Amino acid sequence: MAVQRVLLGFFLALGLSGGLALDLNFGDIFEILKIGRETASDLLESWELIAPKRPDDTSEFDFPFVRRMEQRITTRVKLLSVKIDAFENRLGQTMEQKAKELLYQIPQEIRLYDSLNKLSLYVGSIDGKYQRMVRYSSVLSKMENTTLLGFANGAIPDVWTQPDELHLLVVPQHLILQDGSLFSQLADTMEEGTFRICNQQQSPQELLYTMYNTIALTETKALAVVQFSYNILRLFKQGNFTEEMKVQKEAYESRMYQTLRAVRTAMAHAPRDLWRCDPAEHKPESTYTELKQVFQSYVINEVDMNRDKTCRESCGFYNYAKVEGCYENQFCSRQRRCNGRLINCQYVDSDMWICPSERNSDRRYEYIEYENGRVLGKKDTCTRETVKVDSWWRWLFWHCSYCICSCDDHNASSDRYFSLQAVVSDFANNKVITGIRLRKKNHIVYMQIKEGVLLPRGGINDSTTAWREIEEFSILDPDLVEGVDYYTLGWNQTEVDLDDVVGPSNHVLIGVKFRKLGSHLNLEVLTTPFNFTTGKLIRPHDNKLWHSNENTDNSDESKRSFLDIRKPDVPTQHNARSEPDSTHNQYLKFKTTDLDKDAGQTTVPFLDVQPIVPNPLVPLSGAGIFHKGSPGSGGFLALKIITYNFADHLHVDFAPSPVLDRNNEIGEIRVF
């Protein structure tokens, strides 16, 4: 948990929470590196205009020339600051704010504290000098010479060394050729399962990339400050500094090359899962939904479970039965009848007091208290008068016992259906899935997708994104087929497969659906290839691109491991935070809550219906379904998304060249 808190603190400090805007996408690194190259190019070219003083020039300054150069520097800095501000606005906060929040939120005791603390200090320090540079440049002609010279002479020693120190922190020199960068340390921590940033709307791989964007922007700011300072010094004839600037520019390119390689290595094995943790407050149909009146414990006398109305057997005899009658209108007439199957009946005690639930409740009982002192449910929840329920003897030989069974209830209010119909994006108009959630409508659970137009280099056109309308249906429609169009939870099919399903490399997600595989509910995803450079989808021509984990066979469920939810309580009444506790290639069964905790009145797990949408929007490679919970809780069945693997497109092929690229292209540092 300590590592979790420090990483959460760091990424919160980068502006990934609190509703802040975050629109950076993968193509931005190309632009950030381009800005750095342009910064070096523009200011290097401007030095050539600052000609050495002529031998016959006796004046102290060539004032018209100085004013022209002031205007030129002001214009260049303004253009640069506009570009950098645009990126910072998309990150959500200034670097200084990020650094302050980072220092405030990171606990002292953990292993990564020192590195992240130093990182925040470097980022904050460089950003402070950059902000002063921008302010000075906006009023350059009004500034005193001593102020400008003081800034330049003070900034150069610090900013000359700070980028190198920052780089050594992120990519230690002795580990440059190994997998030991700060990025890799963070990726390893994430992969170990201790990383729980589930509400930040970015997968761990995306978070690493956002961290890299911050470092790249900081490097660009440092380069701009140094070049601005040398221009000021040369403007006031304090030296030439041409070689110093070339050295600084080449060092910048070398650092960017090594840092880009380090983040690519880390991104290659960082998790790409994105899911939602528990909200601050559980809200029905907003953050979760419950499958009501599906499986529920039911009190019934043996005499009402056989057509002969006998009491010759024990409760355990009735593993599979149904309500056959209501003998002499006893307690059976005072509760809602079970219209489905009765399974797994058991005997607890002869006589009891039952607190019935309100008439409009989905529960039957608030609690049951037996004469032996055992209480099923929470006794302090009763709002109605309790009912005394007693077993009886018949002809001195047979005991007509009250049993408690699991009722597989079939009625008009039962939420037991899952849509099996495919949900596909409008890929004909180049739209891909950008988000997903579960929705329950008219007792049927659907998957709903958010879609948007795919842009070059994995971008998504924000203005085109929207939740696709659910195509609702009724199970009473005559053309629909059970097992093809919808899945019905019942006593003989309660299983849900827990899987992460990902398409092939260089494919993006365009469709999702549930299917019935044996008796299991199973997840499928539809992907299609695309051109990363242009963003154009290559339309699928058949169903061969649907993917799933078919490791389900009713005759041999050992192919999957079973996730047993033990003694589950109502998850929304459980204070402990839900954590993912399932793994790929498992399955679970819907069941009733624990008798002692809830009188078995609730079907668990609940369904998490929070939307899972990355921010910034990115294409997806797949989706998953998993269980999250805590000991003693029924937990939640939840969806996840798996973001596209951008590491495959982040290439560094050659060492950077000291030759200036006059076309302002990235050259050897390539993102494609």
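Just so you know, these numbers come straight off a predicted model, no measurement behind them.

**Remarks on the overall build of the chain**
A count of helical and extended segments in the chain gives 10 helices and 32 strands. By the burial criterion, 58% of the 672 residues in the chain qualify as buried. For the chain, contacts bridging at least 24 residues in sequence account for 75% of all contacts bridging at least 6.

**Some thoughts on the sheet that holds strand E6 (residues 351-356)**
Taken in spatial order, the four strands line up as E8-E7-E6-E9 in an open sheet, and their pairing is antiparallel. Among the strands making up the open sheet, the edge pair consists of strand E8 (375-377) and strand E9 (387-390). For this sheet, the mean angle separating the axes of adjacent strands, direction not counted, is 20 degrees. As paired strands, E6 and strand E7 (residues 365-370) are joined by five bridges and run antiparallel to one another. Looking at E7, one finds that Trp 353 is bridged to Glu 369.

**Brief notes about the sheet that holds strand E5 (residues 341-346)**
Taking strand neighbours across the sheet as the criterion, the four strands line up as E3-E12-E5-E4 in an open arrangement whose pairing is antiparallel. Taken across any chain shown, the strands that pair with only one partner, and hence form the sheet edges, are strand E3 (295-301) and strand E4 (320-322). Taken over all neighbouring pairs, the strand axes of this sheet differ in orientation by 45 degrees on average, direction set aside. Pairing of E3 with strand E12 (residues 402-408), which is carried by seven bridges, proceeds in the antiparallel orientation. Counterpart to Gln 296 in the pairing with E12 is Cys 407.

**Examining the packing of helix H8 (residues 204-235) against helix H9 (residues 242-269)**
One can describe the packing of H8 onto H9 by two numbers: an axis separation of 11 Å at closest approach and a directional angle of 180 degrees. By the angle between their axes, H8 is roughly antiparallel relative to H9. Classifying every residue of the contact of H8 with H9 by side-chain character gives 14 nonpolar, six polar and five charged.

**Examining the pattern of salt bridges**
Applying the stated criterion to the full structure yields 32 salt bridges. Across the salt bridge formed by Lys 221 and Asp 127, the nearest N and O atoms sit 2.4 Å from each other. One end of the pair, Lys 221, is in helix H8; the other, Asp 127, is in helix H5 (residues 113-138), with 94 residues separating them in the sequence. With a relative accessible area of 1%, Lys 221 lands in the buried category.

**Examining the pairing of strand E19 (residues 495-502)**
Of all eight residues in E19, six are buried, a share of seventy percent or more. Relative to strand E25 (residues 586-589), E19 is paired through four bridges, and the arrangement is antiparallel. Within E25, the position partnered with Val 496 by the bridge is Leu 588. Sheet topology note: the E19/strand E29 (residues 620-629) ladder contains four bridges and is antiparallel. When the bridges of E29 are listed, Asp 500 appears paired with Gly 624.

**Details of the packing of aromatic side chains**
Per the counting criterion, the structure on display carries 21 aromatic pairs. Relative to Tyr 365, the ring of Phe 331 lies with its centre 6.5 Å away and its plane at 35 degrees, an arrangement referred to as tilted. Of this pair, Phe 331 sits in the loop between E4 and E5 while Tyr 365 sits in strand E7, placing them 34 residues apart in sequence. Residues Phe 331 and Tyr 365 agree in their burial class; the two are buried. When the centroid spacing of 6.4 Å and the interplanar angle of 40 degrees are considered together, the rings of Phe 418 and Phe 590 count as tilted. Placement of Phe 418 in strand E13 (residues 417-419) and of Phe 590 in the loop between E25 and strand E26 (591-592) is noted, with a sequence separation of 172 residues between them.

**So, H8**
Helix length check: H8, at 32 residues, gives a terminal C-alpha distance of 47 Å against a target of 46 Å (1.5 Å per residue), a fit within 8%. In the stretch just after H8, Lys 237 is the one whose phi turns positive, near 60 degrees.

**Quick word on the pairing of strand E15 (residues 431-441)**
Counting buried positions over the 11 residues of E15 gives nine, a clear majority of the element. Counting the residues in the hairpin turn of E15 and strand E16 (residues 444-453) gives two residues, including Asn 442, whose phi is positive at 50 degrees.

**Overview of the state of the cysteines**
In a disulfide, the sulfur atoms of two cysteines are held together by a covalent bond. Scanning the model with the defined rule gives six disulfides in all. In this model, Cys 355 is linked to Cys 382 through a disulfide, with the two sulfur atoms separated by 2.0 Å. Between Cys 355 and Cys 382 the disulfide shows an S-S torsion of about 95 degrees. By sign, it is right-handed. Of this pair, Cys 355 sits in strand E6 while Cys 382 sits in the loop between E8 and E9; the two residues are 27 residues apart in sequence, bridging distant segments of the chain. Residue classification places Cys 355 among the buried positions, given a relative accessible area of 0%.

**Examining the nonpolar core**
Where a protein is soluble and globular, its nonpolar side chains tend to be buried together. Counting 46 residues, the largest nonpolar core has Leu 119, Phe 183, Leu 208, Met 211, Met 267 and Leu 537 as the members making the most contacts within it. Of all elements in the fold, only H5, helix H6 (145-170), helix H7 (182-194), H8, H9 and strand E20 (507-517) reach the threshold of two or more residues within this core. Ranked by size, the runner-up nonpolar core spans 37 residues in total, among them Leu 291, Val 609, Leu 637 and Leu 639.

**So, the confidence of the model for the chain**
Summary statistics for the chain give a mean pLDDT of 81 and a share of 76% for residues scoring 70 or more. Every residue in residues 653-672 scores below 50 in pLDDT, and together they form 48 contacts with partners more than four places removed in sequence or on other chains.

**A closer look at the side chain of Asn 549**
Tracing the sequence through the fold places Asn 549 in the loop between strand E22 (546-548) and strand E23 (561-562). Relative accessible area serves as the criterion here: at 14%, Asn 549 is assigned to the buried category.

**Observations regarding the packing of H6 against H9**
Here H6 crosses H9 at 15 degrees, and the two axes come no closer than 11 Å. Looking at the two axes, H6 sits roughly parallel to H9. Of the two possible hands of crossing, H6 and H9 adopt the one that is left-handed. Residues Val 159, Trp 160, Pro 163, Asp 164, His 167 and Val 170 of H6 form the contact with H9, whose participating residues are Glu 244, Val 247, Gln 248, Arg 255, Gln 258 and Thr 259. Split into classes, the residues belonging to the contact of H6 with H9 amount to five nonpolar, four polar and three charged.

**Focus: the side chain of Asp 594**
Here Asp 594 shows up in the loop between E26 and helix H10 (595-598). Lys 567 is the oppositely charged side chain nearest to the buried, salt-bridge-free Asp 594, at an N-O distance of 4.3 Å. Of the polar contacts made by the side chain of Asp 594, one reaches the backbone nitrogen of Asp 596; its length is 3.2 Å. Within the structure, the side chain of Asp 594 is placed 3.1 Å from the backbone nitrogen of Lys 597, a separation counted as a polar contact. With residues up to four places along the chain from it excluded, the contact list for Asp 594 reads Lys 567, Pro 568, Ala 599 and Gly 600.

What counts as what
Residues numbered from 1 in each chain as written. Predicted model: local features only at pLDDT ≥ 70, side-chain atom pairs only at ≥ 80, totals over all residues. Heavy atoms only, no water. Helix = DSSP H or I, 4+ residues; strand = E, 2+ residues; numbered from the N terminus. Buried < 20%, exposed > 50% of the residue type's maximum accessible area, 1.4 Å probe, protein only. Contact = heavy atoms within 4.5 Å. Pairing = 2+ DSSP bridges. Axes fitted to C-alpha atoms, helices over the stretch in contact; angles between N-to-C directions. Parallel < 35°, antiparallel > 145°, perpendicular 65-115°, else oblique. Nonpolar A, V, L, I, M, F, W, Y, C, P; charged D, E, K, R; others polar. Salt bridge = Lys/Arg side-chain N within 4 Å of Asp/Glu carboxyl O. Phe/Tyr/Trp six-rings, centres within 6.5 Å; stacked < 30°, edge-to-face > 60°. Expected span 1.5 Å × (residues − 1). Disulfide = S-S within 2.5 Å. Core = buried A, V, L, I, M, F, W, Y, C linked by side-chain atoms within 4.5 Å. pLDDT = per-residue confidence, 0-100. Left-handed = near helix turned anticlockwise from the far one by under 90°. Lys, Arg positive; Asp, Glu negative; His and termini not counted. Polar contact = N/O pair within 3.5 Å; in protein donor to acceptor, adjacent residues only side chain to side chain.

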